[in-house]
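Topology and contacts: notes
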Protein chains: 2
Amino acid sequence: MLAPMDTRQNAAARPPESHLDLLERPLFAHFATVARDGSPRVNPMWFLWDSDAGVLKLTHTNQRHNYRYLQANPKVALSIVDPNDGYRYLQLRGEVEQIAPDPTGAFYNTLQQRYRGRTTEVKDRDVRVVFTIRPTGFKARG
Amino acid sequence: MLAPMDTRQNAAARPPESHLDLLERPLFAHFATVARDGSPRVNPMWFLWDSDAGVLKLTHTNQRHNYRYLQANPKVALSIVDPNDGYRYLQLRGEVEQIAPDPTGAFYNTLQQRYRGRTTEVKDRDVRVVFTIRPTGFKARG
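To start, this report covers the structure provided alongside it. All values reported here derive from a predicted model rather than from experimental measurement.

**Let's talk about the pairing of strand β7 (residues 128–141) of chain A**
Residue and element names in this part refer to chain A. Inspection of the sheet shows strand β4 (residues 55–61) paired to β7 by 6 bridges, in the antiparallel sense. If you follow His60 over to β7, its bridge partner there is Val129. Two elements, strand β6 (residues 85–101) and β7, share 12 bridges in a ladder whose sense is antiparallel. In the strand pairing of β7, Ala100 is matched with Val130.

Structure representation (structure tokens):
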């Protein structure tokens, strides 16, 4: 008897060791989402790779389009290119598994420190949220 | 009497003058598409902006996933960041309006010249295609 086919789309995936640096370095990730009409969107974003949990986190606000799109369709993809070699890149596919408030701006500060080496007061902390993305697959090239 | 609402999604759009250089320079565009299951994909791609026609062209093959996805859903988006200023970027939304064969590899050679400054024989010219994307909207930042 055949085992039942695993139809889950959210089995966790781990990034390939060869391209882990693209998650660890403070690069921009091009974040793709799907709008309600089925058309894609893509924007450069700051991110943090949480190696222990195996998840990627983004800062966002609950005022932007993507926040609404992701309620309807939590599936996302990110593309990260090595700025020293444009032919070396990593694609992550996954799902937003949690959207949490960031009421003190603490997570935003973490990303400021990572990308700008300093922090400032997070004036829009009342609307700041953290997206936690669980990877379902990776594609690496170069 | 009110004019009927224009519900077309494919009204042409022109890029903002302020960010035209991001289309003219040989940068990578992060190309987002939607797979059959409604999840997005995003990959770095070469591209050519055809200013006269107001369309963006990509080289692809008819052997890759995106070729099949785009038959079902021709809606796409591209994100291009200024490598000299990561906070300056352009998002293009649009639809694939034509997929044409590239039997001599001539268009692939055009992109090789643009990105690598030289051309080589296009060994997979039998499966090479040109995607022509008609923009429906732009978003510019920075």
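**Focus: helix α3 (residues 106–116) of chain B**
Every buried residue of α3(B) is listed here: B:Phe107, B:Tyr108, B:Leu111, B:Gln112, B:Arg114 and B:Tyr115. For α3(B), the angular spread of the buried residues around the axis is 165°, confining them to a single face. Buried-residue contacts for α3(B) involve β6 of chain A together with α1 (21–24), β3 (48–50), β4 (55–61) and β7 (128–141) of chain B. Taken from the residues just after α3(B), B:Gly117 is the one with a positive phi, measuring 70°.

**Digging into the pattern of salt bridges**
All names here are of chain A. Per the counting criterion, the structure on display carries 16 salt bridges over all chains. The salt bridge partner of Asp124 is Arg128, with a shortest N-O separation of 3.2 Å. Through salt bridges that share partners, Asp21, Arg25, Asp82 and Arg88 make up one connected network.

**Section: the sheet that holds β3(B)**
All names here are of chain B. Taken together, 7 strands build an open sheet; the order of strands is β2-β1-β5-β6-β7-β4-β3 and the sheet is antiparallel. Edge positions in the sheet fall to β2 (40–45) and β3, since each of these pairs with one other strand and no more. Averaged over all pairs of adjacent strands, the angle between strand axes in this sheet comes to 35°, irrespective of strand direction. Sheet topology places strand β1 (residues 29–34) next to β2; 6 bridges connect them, and they run antiparallel. Its bridge partner being in β2, Ala32 is matched across the sheet by Val42. Contacting β3, β4 and β7, α3 runs over the sheet at an angle of about 105° to β4.

**Digging into the sheet that holds β4(A)**
All names here are of chain A. Across the sheet, 7 strands lie side by side as β2-β1-β5-β6-β7-β4-β3; this open sheet has antiparallel pairing. The open sheet is flanked by β2 (40–45) and β3 (48–50), the only strands paired with a single partner. The average undirected angle you get between the axes of adjacent strands in this sheet is 35°. Sheet strands in contact with helix α2 (residues 65–72) are β1 (29–34), β2, β4, β5 (75–82), β6 and β7, and its direction is about 55° off that of β1.

Criteria and thresholds
- Residues numbered from 1 in each chain as written.
- Chains lettered and ligands numbered in written order.
- Predicted model: local features only at pLDDT ≥ 70, side-chain atom pairs only at ≥ 80, totals over all residues.
- Heavy atoms only, no water.
- Pairing = 2+ DSSP bridges.
- Helix = DSSP H or I, 4+ residues; strand = E, 2+ residues; numbered from the N terminus.
- Buried < 20%, exposed > 50% of the residue type's maximum accessible area, 1.4 Å probe, protein only.
- Arc of directions from axis to C-beta.
- Contact = heavy atoms within 4.5 Å.
- Salt bridge = Lys/Arg side-chain N within 4 Å of Asp/Glu carboxyl O.
- Axes fitted to C-alpha atoms, helices over the stretch in contact; angles between N-to-C directions.

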